[in-house]
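Here is how the chains run, residue by residue.
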Amino acid sequence: MRIAVYQQHLEQMGGGERYALDAARHLRRLGHDVDVVGPVGVPLDAVGERLGIDVSGLGLVHVPSGDAGELMASEVSAGYDTFVNCTHMSRAVNRSPRSVYVSHFPSPPRLGRPLGAAVAPEGDGRLAHAQVSASAGVTADPSRGWWTDGHGWLDVRRAGHADWSLRLWVGARHRAWRGGDGDLEVRLDGQVLRRVRVPRVGVRRVTIPLPMAPVHGEHHVELVSGAGHPALAPHPLGVWVRSAGLRARGATDAGATGHLRTYERVVATSDYAAGWVRRWWKADADVVHPPVRPPPTPADAGPRRSIVVVGRFFTGGHSKRQLELVEAFGRMCRAGLRGWRLHVVGGVEAPTGERYVELVRRAARDLPVEVEVDVTREHLGRRLAEAAVLWQATGWGEDPQRHPERFEHFGISCVEGMALGAVPVALGVGGVREIVRDGVDGVLWTGGPERDTLALLADAERLARMSTAARERARDFAAAPFEAGLERALAREAGPR
């Protein structure tokens, strides 16, 4: 069987990318012909070496980044017997006879990009896919919709043969904000299509027919109008776009979840993610935890006299909160902690990650803290083997009901540390609650890690007991349960889409 495993973010080399390559590796071992569908310019062997995964025998099919890659992946899927989508928050439409969508965490229904998306039948059971997203000169309104700055751009991308039209609902006023007066000039791919009078009250629908194109089509829609400068807005306000939609003969609105209709199964990587798939997407999901293979342990590992933090350096989303943890360690040192070091280890997401690393390094000055970037698996193994405690704080300070996506979706590095004897002291929200049994093989906190960590470091007997329990607990997340769960998801009889 020919199988494609889609992972558009291989260069990040994090947990989601590891999940995809582990899935591809296992399917290859079962005798299938497996290709990884990934971004241009990212060597598969380099990713496999960094993540400690054997990628020999896997093919690599390149797709662009961003929305263009999503559409290309949709087209690529048609050439395979089975399509396994492992890309985080992907909206790619499946065109393969068999399919699995892996959700590391569902996209929130309030996400504003893309503005609209749709799928439509195009014959022989195949589906066309199109989406419209905001580009230059378009800013999200804090409450609803989008504002242009007087010359805003929308990008429309599509895959498959279908005759689409774009529908926009535009107005001049929303809440206390008012845009510019006069007409709206609509340009399609640089050509003036029409002029529309923007109503002072309410909205008006504008239908923009898109010309037929080959399998892949890309169009640019310009919305040109006057612009006002109300005191409440940080930028000029042109027209307000309440919503956008795509229509084709027989099309179905996609919204946040329309792409899921093209997949047979949804797999979540944790019970935490599966719960939000049900709540946000109104869909069931099988839970298949990631397989965790700890990095190699050096024979000359030193005594356990350190705390370790493992995770990529980036801001926004589910940031690993390295800066806050370094500051917490500084407070512990000022409170009298002596003889302990903090190791902060992880890859870097450019460009914001590079700036964030510098902030972390600055906070670590004059402290027994070492910030280590892009280390080898062997070096990571040393840091974990020498650590008495592993800190995890993803989502610290966030509201778990308003932003559940900002907490740890599962916690692979947490299990890796446990497998090598490091005791987790972790924020007790998110997927980590499925790993750490509070008071047995780790400690869960909500207000900060300092108090629990100091108490644990002061009790050598309790620390040793939890270290042994942590090693035993980590075995529950080995490769065998993952491989069995993946096979079950792929072996089920195909259901109606």
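See the structure above.
Cut-offs and rules
Residues numbered from 1 in each chain as written. Predicted model: local features only at pLDDT ≥ 70, side-chain atom pairs only at ≥ 80, totals over all residues. Heavy atoms only, no water. Salt bridge = Lys/Arg side-chain N within 4 Å of Asp/Glu carboxyl O. Helix = DSSP H or I, 4+ residues; strand = E, 2+ residues; numbered from the N terminus. Buried < 20%, exposed > 50% of the residue type's maximum accessible area, 1.4 Å probe, protein only. Pairing = 2+ DSSP bridges. Axes fitted to C-alpha atoms, helices over the stretch in contact; angles between N-to-C directions. Phe/Tyr/Trp six-rings, centres within 6.5 Å; stacked < 30°, edge-to-face > 60°. Lys NZ or Arg CZ within 6 Å of the ring centre and 35° of its normal.

Participant: Help me understand the pattern of salt bridges, please; the structure alone is not making it clear to me.
Facilitator: Oppositely charged side chains may form a pair once their charged atoms are brought near each other. Summed over all chains, the structure comprises 28 salt bridges. Arginine 2 is paired through a salt bridge with aspartate 33; the nearest N and O atoms lie 3.8 Å apart. Linking arginine 2 in strand β1 (residues 2-6) with aspartate 33 in strand β2 (residues 33-39), this pair joins segments that are 31 residues apart in sequence. Across the salt bridge formed by arginine 95 and glutamate 75, the nearest N and O atoms sit 3.2 Å from each other. Separated by 20 residues along the polypeptide, arginine 95 in the loop between β4 (82-85) and β5 (98-103) and glutamate 75 in helix α3 (residues 66-77) bring together distant segments of the chain. The same class applies to arginine 95 and to glutamate 75, which are both buried. Connected via shared salt-bridge partners are Asp300, Glu370, Glu372, Arg382, Arg383 and Glu386.

Participant: Which parts of the structure should I look at to understand the sheet that holds strand β25 (residues 387-392)?
Facilitator: For sheets, the rule is that strands pair by backbone hydrogen bonds, running either parallel or antiparallel. Spatial strand order, β24-β23-β22-β25-β26-β27: six strands in an open sheet with parallel pairing. If you trace the sheet from one side to the other, it starts and ends with β24 (369-373) and β27 (443-445), each paired once. If you compare each strand with its neighbour and ignore which way they point, the axes differ by 20° on average. Taken together, the five bridges between strand β23 (residues 341-346) and β24 define a ladder with parallel strand orientation. In the strand pairing of β24, valine 345 is matched with glutamate 372.

Participant: Before we go on, may I ask you to explain the sheet that holds strand β11 (residues 165-171) in this structure?
Facilitator: Strand order across the open sheet formed by five strands is β8-β9-β18-β11-β16, with antiparallel pairing between neighbours. With one partner strand each, in any of the chains shown, β8 (138-140) and β16 (204-209) form the two edges of the open sheet. Pairs of neighbouring strands in the sheet enclose a mean axial angle of 35°, with direction left out of account. The sheet contact formed by β11 and β16 spans six bridges and is antiparallel. Residue pairing across strands places leucine 166 opposite isoleucine 208, the latter belonging to β16.

Participant: Would you explain the packing of aromatic side chains in this entry?
Facilitator: The description of an aromatic ring pair uses the distance of the two centres, along with the angle that the planes make with each other. Within the structure shown, the criterion is met by eleven aromatic pairs. With a centroid separation of 5.2 Å and an interplanar angle of 75°, the aromatic rings of tyrosine 101 and tyrosine 263 are classed as edge-to-face. Of this pair, tyrosine 101 sits in strand β5 while tyrosine 263 sits in the loop between β19 (252-253) and β20 (265-268), and the two are 162 residues apart along the sequence. Tyrosine 263 shares its class with tyrosine 101; the two are buried. A connected cluster of aromatic rings, assembled from ring pairs, spans Tyr6, Phe83, Tyr101, Tyr263 and Trp281. The residue whose ring lies beneath arginine 2 is tyrosine 80, and the NZ or CZ to ring-centre distance is 4.3 Å.

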